[in-house]
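Chains, contacts and geometry: an overview
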Amino acid sequence: MDFREVSHTFQRLERTSERLEMISILSSLFRKATKDNIHMIVYLLQGRVAAPYTGIEIGMGEKMVEEAISRAFGVNRDEVERLYKELGDLGLVAEQLASSKKQMTLFSEPLTLERVYTNLYRIATLGGEGAQDTKIRLFVDILKDSEPLDARYIVRIPLGRLRLGVGDATVLEALSDALFGDRSYREILEQAYNYVSDLGRVAKMAMEKGLEGIKNVSPIVGIPIRPALAQRTESLEEILEKTGGECSAEAKYDGFRLQIHKKGDDIWIFSRRLENMTGMFPDIASAVREQIIPEEVIFEGEAIAYNENTGEFYPFQITIQRKRKYGVEKAAEEYPLKLFIFDVMYMDGKNLTSLPYQERRSILEKIYKKGDTIEPAERIIAKDVKTLQDFFESCVERGLEGIIAKDLKSPYIAGARKWAWIKYKRVMRSKLSDTLDLVIVGYYKGRGKRAQFGLGGILVAVYDPKDDTFKTVAKVGSGFTEEQLSELKRILDEISIPHKHPRVSSRIDVDVWVEPKYVITVLADEITRSPNHTAAWDGERGLALRFPRAVSFIREDKGPEDATTVDELIEMYKRQHREKVTEGEDNY
Ligand code: ATP
């Protein structure tokens, strides 16, 4: 196809702000396309050469493009820069230079869509030494044969300044119109798009396979599925209403959502935004090879950093460090991840998305072998509000975000936010502004990397002056340096005792009990209710700290009876709670 067809279409698109007109302009271009070039048009329309999930970006900076313009049109860089200042757009600069050159050289090779696309694709995928110069040469090659209007758009593409305002939905409607006669087949095309997240591929498949073929598109291993999304609610009653009185409630882990594809030993890991993150999760990839049974499978889960010592989850900020701060290897060692799998969409040639949740869940429970990293998301079946409420509270107490309720009968609805999934999160409460001074009553031996220190976390308590006891409120595993961990073990071993101290009230066990003697200062995000801790026990639950971390080493200036008291803890809980109280939750 002559590239002029494309650039004239771009110009018409640029001039309209009417969506219907846009669709008809695009549709006429698609009608002229073939199965071998339709994907090229679709990508170029969006200023790309491949689907976003591939990570293939043209990415030429302004300086490189200026250099190419200068070479293609035989003017010096200063002149290009002067024109850029004057016109404010390198696309217009190239257009102007192309038209003056035009008058001089009357005969040039007509530029085809295929040639433009191929060169841009090579530019996007070239790497290594000398790549920069080759990229400029490839760009010059297409620019020098451009008509003025071609040059305008060719220059805007690598700079990400095409801005035609053509969204996915518009492309799908125009494809429906061009290939199947009217716009009403958009949903069918969209369904295919939800499975393969690649508009260019959908366009090509639609042309090759026709309407019936496109209806049968199924997920493809190695290409991400657009994720199902959850509605939100503030009411547990609504969850039951929307799911027909019975649902599954799953723990909502606050980590990275990972969509994992496996084909033999090949693993792909995609983020919620469908970026390929395989390189960032070598530990998850090897766990998948070890623990996931089917030869070919696509499933989803949430990866979250986990403290092996205390059994608690780290806040999202820690999990995300893998992305921002640390080298991947170091992060994997320091903050091992758990992967809680929650759905399976494809297995050994079968598209599972149309099966009801219940069936997918039972398949999910069979695709894995027990191991260190991967396990199914914890879940219950609930028919009443109390069951949901209890499960929600037990999740929050363990440092999770809340629950996700799932309709037992619903298929996996790729790419859409439907009531098939409903999230119910803990209300965002103001963070605790104050620290607490807590008494160490026992410790956990280190596991994993912390084994070398012999101490991985401590159990801490508040003081209850009413009966002169220490009531537990948290396990603390973070906030200590490596030296402090070894030092703490040495100090605590001196006061270790074979049983729980009689003045300590605890519902949980530790590896080593100690005399309640030392106080440390702890900061937490929030105080929550918990069936595991005895502080402020009301017969069913006590109070616990969410995301506690030590902010001091042993306080020389405080004895155990100087620690924060139960009453002070209750007061802090109420203060934090006064802002937003979930009805009926506050019995104190
Ligand atoms: P959304 O993904 O709905 O646009 P968001 O990115 O802000 O919103 P949340 O509001 O936290 O995410 O809720 C949905 C997310 O919860 C999912 O995308 C997934 O990452 C996460 N999640 C955690 N546990 C589960 C689970 N058991 N089932 C499904 N999703 C879960």
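Calculation criteria
Residues numbered from 1 in each chain as written. Predicted model: local features only at pLDDT ≥ 70, side-chain atom pairs only at ≥ 80, totals over all residues. Heavy atoms only, no water. Helix = DSSP H or I, 4+ residues; strand = E, 2+ residues; numbered from the N terminus. Buried < 20%, exposed > 50% of the residue type's maximum accessible area, 1.4 Å probe, protein only. Contact = heavy atoms within 4.5 Å. Areas by Shrake-Rupley, 256 points an atom, 1.4 Å probe, with all protein chains shown as cover. Lys, Arg positive; Asp, Glu negative; His and termini not counted. Charge placed at Lys NZ, Arg CZ, Asp CG, Glu CD. Axes fitted to C-alpha atoms, helices over the stretch in contact; angles between N-to-C directions. Parallel < 35°, antiparallel > 145°, perpendicular 65-115°, else oblique. Nonpolar A, V, L, I, M, F, W, Y, C, P; charged D, E, K, R; others polar. Disulfide = S-S within 2.5 Å.

1. Describing the overall build of the protein chain
Summing up its helical and strand segments, the protein chain has 21 helices and 22 strands in all. Dimensions along the principal axes, computed over C-alpha positions, put the protein chain at roughly 100 × 55 × 45 Å. Counting across all 588 residues of the protein chain, residues that qualify as buried make up 56%. Considering only intrachain contacts with a sequence separation of at least 6, the fraction spanning at least 24 residues in the protein chain is 71%. Taken as a whole, the protein chain presents about 25500 Å² of accessible surface, with 47% of it coming from carbon and sulfur. Within the protein chain, the 95 negative side-chain charges are centred at a point lying 3 Å from the centre of the 88 positive side-chain charges.

2. Topic: the packing of helix α1 (residues 3-15) against helix α9 (residues 148-156)
Across the interface, α1 lies against α9 with an axial gap of 9 Å and an inter-helix angle of 75°. For the element pair α1 / α9, the angle class is roughly perpendicular. Mapping the contact onto sequence places Phe3, Arg4, Ser7, His8, Phe10, Gln11 and Glu14 in α1 and Leu149, Asp150, Arg152, Tyr153, Ile154 and Arg156 in α9. Among the residues forming the contact of α1 with α9, the class breakdown is five nonpolar, three polar and five charged.

3. Brief notes about the state of the cysteines
One pass over the full model with this rule turns up zero disulfides. The structure places no disulfide on Cys247, whose sulfur is separated from the nearest cysteine sulfur, that of Cys395, by 12 Å. Exposure remark for Cys247: the relative accessible area of 0% places this residue in the buried category. By relative accessible area, which is 0% here, Cys395 ends up buried.

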